[in-house]
Amino acid sequence: MKEAFEFVNWVKIFSKGYFWSSYGLSFGLAFLATITATCIAFPASYCLAFKLSETARRWAIFFLIIPFFTSYLVRTFSWYVLLAESGVINNIIGYLGIGPIKMLNTMFGTMIGYLTLTLPLVIILQTLSMASIDKNLIEASHNLGAGRVRAIFSVIIPSARIGLIIGALFCFILSFGDFVSPYYLGGSNPPTLPILIIDTTKSGQQWPRAAVIATIMMVTLMLVALSAIKIAYKKR
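Definitions and cut-offs
- Residues numbered from 1 in each chain as written.
- Predicted model: local features only at pLDDT ≥ 70, side-chain atom pairs only at ≥ 80, totals over all residues.
- Heavy atoms only, no water.
- Helix = DSSP H or I, 4+ residues; strand = E, 2+ residues; numbered from the N terminus.
- Core = buried A, V, L, I, M, F, W, Y, C linked by side-chain atoms within 4.5 Å.
- Buried < 20%, exposed > 50% of the residue type's maximum accessible area, 1.4 Å probe, protein only.
- Contact = heavy atoms within 4.5 Å.
- 1 Å grid on protein atoms, 1.4 Å probe; cavity = no way out; pocket = protein on both sides within 12 Å on 5 of 7 lines; lining within 4 Å.
- Points joined across faces, edges and corners; volume = space filled by probe spheres on them.
- Nonpolar A, V, L, I, M, F, W, Y, C, P; charged D, E, K, R; others polar.

## Some words on unusual backbone geometry
Across the junction of Asn-189 and Pro-190, the peptide omega takes the value 5 degrees, indicating a cis bond. Counting through the fold element by element, Pro-190 comes out in the loop between helix H10 (180–185) and helix H11 (193–202). Backbone geometry places Asn-105, a non-glycine residue, at a positive phi of 60 degrees. Tracing the sequence through the fold places Asn-105 in the loop between helix H5 (88–94) and helix H6 (107–131). In the Ramachandran plot, Ser-188 falls in the positive-phi region, its phi being about 60 degrees despite a non-glycine side chain. Of note, Ser-188 is situated in the loop between H10 and H11.

## Here's the deal with the nonpolar core
Ranked by size, the top nonpolar core spans 15 residues in total, and within it Ile-13, Phe-19, Tyr-23, Phe-176, Leu-193, Ile-213 and Ile-216 carry the most contacts. Of all the secondary-structure elements, those providing two or more residues to this core are helix H2 (17–50), helix H9 (161–176), H11 and helix H12 (207–232). If you tally residues by element for this core, the top one is H12, at six residues. Not counting residues within four places of it along the chain, the set of residues in contact with Ile-13 comprises Phe-19, Arg-209, Val-212, Ile-213 and Ile-216. Ranked by size, the runner-up nonpolar core spans 12 residues in total, among them Ala-37, Ile-61, Val-122 and Ile-124.

## Points about H11
Residue pairs three or four apart in sequence face the same way in an α-helix, which turns once every 3.6 residues. Most of H11 sits inside the fold, with seven of its 10 residues counted as buried. What H11 keeps buried is the set Leu-193, Pro-194, Ile-195, Leu-196, Ile-197, Thr-200 and Thr-201.

## A short note on the layout of surface pockets
Space inside the largest pocket adds up to approximately 310 Å³. Every residue lining the largest pocket is counted, 14 residues in all, and those nearest its centre are Phe-31, Thr-34, Ala-168, Leu-169 and Phe-172. If you list the elements that add at least two residues to the lining of the largest pocket, you get H2, H9 and H12. The element that contributes the greatest number of residues to the lining of the largest pocket is H2, accounting for six residues. Its residues assigned to classes, the lining of the largest pocket comprises 12 nonpolar, two polar and no charged. Volume-wise, the second largest pocket comes out at about 180 Å³. Taken together, Tyr-46, Phe-50, Lys-51, Lys-135, Ile-138, Glu-139, His-142, Arg-148, Ala-151, Ile-152 and Ile-156 make up the lining of the second largest pocket. Residue assignment for the lining of the second largest pocket shows that the elements contributing at least two residues are H2, helix H7 (135–143) and helix H8 (148–159).

## Observations regarding the environment of Thr-215
Mapped onto the secondary structure, Thr-215 falls in helix H12. Taking C-alpha positions, Thr-215 is 28 Å from Ile-162, a pair spaced 53 residues apart along the chain.

In structure tokens:
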């Protein structure tokens, strides 16, 4: 182990197939969580921004903030009660003659954890972005013959583009660097990059190589963040 900036540590990491497998898995899961959270959050945000009164919207945002009052680790462990093979969900579907379905120690469990962490935040950011849209623009699109769906794609999404992209960016960043969900709900096998960092430090105290992995994660997130911000603020 070389406790200095030595290229041998970078060569060792880049030459390991398991690193690239973990990198691809982490990036893929974070990307999937981002797409899933964005798609789930959009209809909820749409209803909060355009279907509720301002008072009701404020209360809804307040309730979306409440989950952050508790530890993310506690919220993650609470899923054990629901997702275990003898948990609530399997007991319910058991009455239908289905199951038990394995949901813990799977990628599905990891994705549930990611959404637990990110979905409330994505909904809040999307709602605030949509609520600031000039309603006259939407009414004008309807007067020009645009239906509800076309108005969403031609007016609402372009107008709320910054909030939608920033919400997706936060989701990707939080998911890509999350250790709790893939470890406790996903079973840590195969490992994501945060888990790989822990395993590397435990394996012969290879702190420099763990630092290489952490650096690669930070560089990846910086590139993703810069790209997302550039797209969000690109002039139409």
